[in-house]
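# Structure assessment
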Amino acid sequence: MYVPFGRGSVHGIGSAAAIGCASDGSYMVIADLQSVSLYSIEPFARISNVLLLSSLPNVSAKSHHYTASANDKEGSIHTSDKKVPNLSSVESKTTPSTLEAFQHQIDHLQGSTVSAFSDTHPSKLTTTVTVGQAAVQDSDANQKSSHLTTHSVLGRPQYIIGSPSSPHRFCVATTKGFILFFEVTDVSQDIQQQGDVGAMPSSILASIESGPTIINGPFHAHSGNSVGQTTIGKPLKHLQFDPASPTPRPLVAHTLTACGVLHDYILCGSKIGIVDFIPWGSASFDPSRTIDLRVLVTVLKTATEPPPSQSGAEHPNRQSATSIYATSISSNTISNYTVILINTGVVYVVSFCDKKTKSVKSTLLWDDLNNPAVQIASNNSFHLIAVGDSTSAVSVFRVESLHPKPSVHLLYTLPHMFGNVPVHPEADFNLQSCLWSPDGRALCCIRRNGSFSLSSVFGSHLADGRCLTFAKQPSCCVWPALGNHLYYISDISLRRSSQFLELDDLHQPLDQHEHSQHQQELPPRLQRLCCLNFLRSSRISTHSLCHEESVVLIGPSSIYLHPDSGADASTRNNVDRLCDMHWQHVQIPQTYRDKNGLIRTAAVDSTGQYVAVAAARGFMHYNTLLGKWKMFGNLNHERQLQCTAGLAWWKSSHIVVAAYSDQRNSDQLQLFSRVENLDIDRAAVTHTMSSKIVALNVLGDLIVFVTSRRRAHILKITPKTSDSSHSYAALHPTYTLEPLLVSDISEHISHLSYMTELALSYVKLDGLTPDLPSSISAQCLIYNASGRLYMRPIEAVVSPESDERYTLGDSILLAVDVEAAWISPMQSTNQSSLLLDALWLGCGRMGLKVCEHVLFVPKPKVWFPLEHSELNASRRVMLTFPLDTSPLALLFREAVVIGATVETCEGRTPGGLEMMTHSVYRKTQLNMHPILQQLLRRGLFRPAKAIADTLIELPYFLHLLELLLHNVLEDEAASPNRDANQWTANSGLLLPTVIEFIQQYDQWLDIVVHCARKTEISKWDYLFECVGSPMASFEACVRTRRLETAASYLMVVQALQDAEVTRRQTIDLLELCLEECMWDLAKDLIRFYEATAESLHDQARNNVHRVLREYAMKLLLDCQWMLLGSLEVSVPFNLQEFLQTLTLKEASISDFATALHCMQSDFPLILASSYKDKERINQLNLDKLRYLRDMSVCLPVPDWSIVFALVLRDVNNLTDVLKAVDPPSQAMRLALRLQTHISTDSRLPRETQAEYLRIVRESAATLPVTDYADILVKDDIEREVNYTNSASDDTGASPNTTPDSQCCIS
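Just so you know, the residues in each chain are numbered from 1, in the order the chain's sequence is written. Totals for whole chains, interfaces and linings use every residue, but because this is a predicted model, local features are given only for residues with pLDDT of at least 70 and side-chain atom pairs only at 80 or more, for both listing and counting. In computing side-chain values, all of the structure's heavy atoms are included and hydrogens and water are not.

## Concerning the overall build of the chain
Note the threshold: By the criteria applied, helices consist of DSSP H or I runs no shorter than four residues and strands consist of E runs no shorter than two, each listed in order from the N terminus. The contact rule is simple, with two residues in contact once any of their heavy atoms fall within 4.5 Å. All accessible-area figures derive from a Shrake-Rupley calculation using a 1.4 Å probe, and residue coverage is judged against the displayed protein chains alone.
If you tally the helices and strands in the chain, you get 33 helices and 68 strands. A separation threshold of at least 6 residues defines the contact pool for the chain, and within that pool the share at least 24 residues apart is 60%. Total accessible area on the chain is roughly 55,500 Å²; 50% of this is exposed by carbon and sulfur atoms.

Following this line, the structure appears as structure tokens:
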């Protein structure tokens, strides 16, 4: 999977340029009218000399045919009939004065154009440095004449093609039919061979000394003779014309219109309608392979005779142009066929079946006159051909076979956003380019306005975006190997403002005079090299990730990890963790990248804590918890190790590496300990192989890999037994690799690039097959060949002559169009989920497929078959459901798919350049409800129930069932045959079955009502035809005190039944909510009740007020002032107004002790000094008490004011309350009653009793009362004695009869 990320970059490359890259993607080639040079991919910087095309020998403006004798000049070597440049004979003529003049021109150009090549207006450049020959020519007229002569003879560079057999060679095809061959050498190797820098050729030395380097546009001059300073960490390349190439001459007649490469042939199409095959490095084309498109079109249209064998080609007419010619050529070097697009919009597939007889077979692929084809692209790894038409839609075809002739069929179509409407050639959304990623996993379509769309190999949409907001007419698109960058050339208008001149993100402030001067000098449009940055999934190159639940995205300089991928069991099901949209960003050390280039592969262990990465050389690993990298201590050891088949973790303790060792000159399989220092000599296991390992995976203790001979090997990691009791041996165990199986798989893997998946699996092919005792735990081998997923069982063969050995059984084709497969690393048991015994397949546009074993349902200690009706079902069913995102990983136990989504936003650089920024976010999708839906549709009720039971502990389990119900309801509600009362098994209705399924769980009432509230009211009738009456569901919820669910059903009852019934049920539910202190729900019910009784608004308000008043009175009688305060805050209830309406009897307190006890329980004061939140809780309770005390003032009696004063320990407040009582004798009676109740209540702690008594005595002492005998009347004494006796009987404790208790004042 590929996703765009970050902000693209723009580089100035002059005008009329062409770009290309090496066959291995190690460097880029840029050519313009005058020169050719090489650039590194990351960072984008020039790494070679600038080779001027004017230095090409034997080029004359008077003739297009050249001979060796007519062009023998100084500076060239004469070898038989070939003339090649001798760059070593050119001496450096650089002088300080010319260098100063050149630097002056560089400073001047930074405000106008920044390019490694000559300006489009040579007359403005007074001094030109020829870097490739280290010569400076001070004559502007001679330089201009030389460039114009070269351009007029050679034409404009149009195509750059890398040699398929060597990354050190490439060619440049010009519009006038010249094929120029070039050779690239590594300067660092030359230095080692020469032994001394001074012994190097003067041309190379000059390029090292004076060659400027371009990074993102501006020139950066380097001084000194050090190679490292010029290369910026990259090996410096030396570019020259291929010494083995022939004398340059036009090899293609007329104008070159298309170019491609097939094996060692360069395919060139011209205006005369002929495609010539030019052998690499040859001086002429191969006439026996020439394809005449005029004959091809005629034969295929008439279909009266087979296509010509083309052996000789009947000497096609090469004198005049025709109306039929090739405009694009794309070849598949593996399958040996070529796709040709001609100017009429017709596409042909031409195959070369027999190399000896050179016979040609062709097939018409596209011939739609209404929608002519405009772009083609061939996918080598998956046998696919993409054809873009005039509507900007892209159709992808699969090549099924090539014998007896190419057979293709349409696989899928990527439609344009405007539908099948022809797009004007000048429209912004006209398709300009269509190309596959280097590994064939993604398809990128670029349009005229610079926008692009990205799709996976089998049609899943990945992202849309663009690099610049003002880029036009993209061309020369190049996607180098590893796939982190995509380059294309675009025409960009020069945007000027009053303060800045915008060029390549380089903005120089100009005054008014300079601005007008630049406005006159610069052309209206220039060509720019635009770069798109991509993140690619490590799943592409690391097969071991098919067993892991982690995600690794590899960028140019960093990796992005799925956070908390190794979370423990207590946090695995955390919803917030699953919904986290962000990534863990880890930067790759600069020192490692400078020496080894871009990261090629990365692997994560099962815990998600450790990550191993590898570039071109060596590898290193990272601890996500500590944030530290561990690298090779010896750089020579790092450089000697070349990872060839990805990485894998074994038990989070060892890294399994398949690599080629330069030191031992052999391919090896090695295990490196995570805790040990990385060193070749410290490898725990080294297993030497006779052939290269190309694919690697680990499952348990088993290692599986495939070699270049297309043989599958399975080895077992076995610990060595040691007799030593030394502690070092115990801490550093050693292991051996025991070979178990070697089998040939070339039947389906005809080429190594076809293998995209390799894994072992515990999945069994037949649930009835008993387990045989074996030393190998895996059951089968699974591999993906160009999208076709095969499974081969591992069979044990017992021979009397030999020990037990294993072999692979017959292959079974599981699925086609498979992009990726996920296989659980855990063995399923009788208690585990059936999902662990399933294969999860990502199939592009088809979504996710699940191959599930359903013949037997696991039960503890017993396996029993399904119902009789299910016995005829397939033992394995393939379930398919769509996805909203392209899957990156799968959480097996959580039933969650992890993908990525891209958001594009427009921004501006500090200078005002408009750039597009792509942000990549993590996206999760639940995938269990479509699986259950399809199982139920197939009548597999019990397997669906068994799978659902294993997920019941998930916090979002009810949401899964709700999605299941919602999807089925939406699909069937509009069906004309939806009568649930006449439902039968053959009626096709699934909703009754789904209702029956969810009724197996206690929360089914919640699921139904939540689904109903998210569905249109028009579909409720059908839903409750299957479920039953909503009133019955409401009453069931009330009986079980599921009040929130009952409140949800009120909406349904309101819509389907009488309004008066709804209001009556609402009042009943409101009373229950108040009893349960569910304030928020009570508030919602009050609002709902008032909304349903708008015509009876006053009556509705009175009914609600009555319910609230009755509940508040009950709370007051129970001394529940805390709940009274919560009631006022939560619902529309005025507590003060309620207290003012109370009578003397309602407001009086009959038992002060009980009131104090309740108040003390509701508002505890934390006295322990060790309590962390003591101060905060005390302050909160005090605030609440003071608020309620102020509210109690409006009561007609002071009883509650006295209680609040005591609880607050406020002597002054209690004194004020008692003084306010009239007459004072009544206040004294209250004090005496209060003292008696407190002293006789055993529920209060003794410290609290003493504190309350002290406050009462101090307050009562201030009363103006002297005759206590008048106060202690008989009635009062009898009443208090009776209260004391009753209190003693209730508590079982004797009353406190101390002298102090007889009177509050001594």
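Moving on from the model shown.
## Description of the pattern of salt bridges
Condition: Any Lys or Arg side-chain nitrogen found within 4 Å of a carboxyl oxygen on Asp or Glu counts as a salt bridge. In this scheme, a residue with accessible area under 20% of its type's maximum is buried, one over 50% is exposed, and one in between is partly exposed, where area comes from a 1.4 Å probe on protein chains only.
Taken as a whole and assessed by the stated rule, the structure comprises 25 salt bridges. The shortest N-O distance in the salt bridge between R169 and D242 comes to 3.4 Å. Placement of R169 in strand β14 (residues 169–174) and of D242 in the loop between β18 (237–241) and β19 (256–262) is noted, with a sequence separation of 73 residues between them. Classification of D242 by relative accessible area gives buried; the value is 4%. Here R845 and D817 are joined by a salt bridge, their closest N and O atoms 3.3 Å apart. Note that R845 is positioned in the loop between β61 (839–842) and β62 (848–853) and D817 in the loop between β59 (812–815) and β60 (820–823), a separation of 28 residues in sequence. Within this structure, R169, E183 and D242 form a network of salt bridges that share partners.

## Considerations on unusual backbone geometry
In this structure, P43 follows E42 across a cis peptide bond, with omega equal to -5°. Position of P43 among the secondary structure elements: in the loop between β6 (35–40) and β7 (45–46). That bond from D1222 to P1223 is cis: its omega, 5°, falls within 30 degrees of zero. For P1223, the location among the structural elements is in the loop between α29 (1211–1219) and α30 (1224–1239). Positive phi is not limited to glycine here, since D817 has a value of about 55°. Positioned with a positive phi, R1209 is a non-glycine residue whose angle comes to about 55°. By the secondary structure assignment, R1209 is in the loop between α28 (1199–1207) and α29.

## Notes on the sheet that holds strand β31 (residues 431–436)
Test applied: For two strands to be treated as a pair, DSSP must find no fewer than two bridges joining them. Each axis is a line fitted through C-alpha atoms, and for a helix only the stretch in contact is used; angles between axes span 0 to 180 degrees, taken between their N-to-C directions.
The strand order β31-β32-β33-β34 describes an open sheet built from four strands, whose pairing is antiparallel. Sheet topology places β31 and β34 (461–466) at the edges, where each strand pairs with a single neighbour. On average, adjacent strands in this sheet sit at an angle of 15° to one another, irrespective of strand direction. One ladder, built from five bridges, connects strand β33 (residues 451–456) with β34; its direction is antiparallel.

## Some remarks on the pairing of strand β21 (residues 274–279)
For β21, a buried count of five out of six residues is recorded, marking the element as mostly surrounded by other parts of the structure. Strand direction decides the pairing type here: strand β20 (residues 265–270) and β21, joined by five bridges, are antiparallel. In the sheet register, I266 faces β21, and the bridge partner there is I278. Between β20 and β21, which pair antiparallel and follow one another directly, the connecting turn spans three residues, one of which, G273, has a positive phi of 80°. Note: β21 against strand β22 (residues 291–292), two bridges, orientation antiparallel. Along β22, the bridge assignment pairs V275 with I291.

## Describing the side chain of S1130
Defined as follows: Distance and chemistry together define a polar contact, namely a pair of N or O atoms within 3.5 Å, with one atom able to donate a hydrogen and the other to accept it when in protein, and with adjacent residues in sequence counting only for side-chain atoms on both sides.
Of note, S1130 is situated in helix α23 (residues 1121–1130). At a separation of 2.9 Å, a polar atom in the side chain of S1130 contacts the main-chain carbonyl oxygen of S1126.

## Points about the sheet that holds strand β67 (residues 896–908)
If you walk across this open sheet you meet the four strands as β2-β68-β67-β66, and the pairing is antiparallel. Looking along the sheet, the strands with just one partner apiece sit at the ends: β2 (6–7) and β66 (887–891).

## Remarks on α23
Of all ten residues in α23, seven are buried; the element is thus mostly enclosed. Buried residues of α23: W1121, M1122, L1124, G1125, L1127, E1128 and S1130, and no others.

## Considering the packing of α29 against helix α31 (residues 1246–1260)
Geometrically, a packed helix pair is captured by the angle between its two axes and the distance between the axes. Rules: Under this scheme an angle from 65 to 115 degrees is roughly perpendicular, one under 35 degrees roughly parallel, and one over 145 degrees roughly antiparallel; angles in between are oblique. Crossing chirality is assigned from the near helix's rotation relative to the far helix, an anticlockwise turn below a right angle marking it left-handed and a clockwise turn marking it right-handed. Three categories are distinguished: nonpolar for Ala, Val, Leu, Ile, Met, Phe, Trp, Tyr, Cys and Pro, charged for Asp, Glu, Lys and Arg, and polar for the others, with Gly belonging to the last.
Here α29 crosses α31 at 50°, and the two axes come no closer than 9 Å. Regarding the angle of α29 to α31, the classification is oblique. Crossing of α29 over α31 shows right-handed handedness. Contacts between α29 and α31 involve V1211, L1214, T1215 and L1218 on the former and, on the latter, R1254, I1255, V1256, E1258, S1259 and A1260. For the contact of α29 with α31, the class distribution of residues is six nonpolar, two polar and two charged.

## What to know about the packing of helix α19 (residues 1043–1056) against helix α20 (residues 1059–1075)
One way to put it is that α19 packs onto α20 with a least axis distance of 10 Å and a crossing angle of 170°. By the angle class used here, α19 and α20 are roughly antiparallel. Mapping the contact onto sequence places L1043, A1046, A1047, L1050, V1053 and Q1054 in α19 and T1062, Q1065, T1066, L1069, L1072 and C1073 in α20. Here the residues of the contact of α19 with α20 are counted per class, giving eight nonpolar, four polar and no charged.

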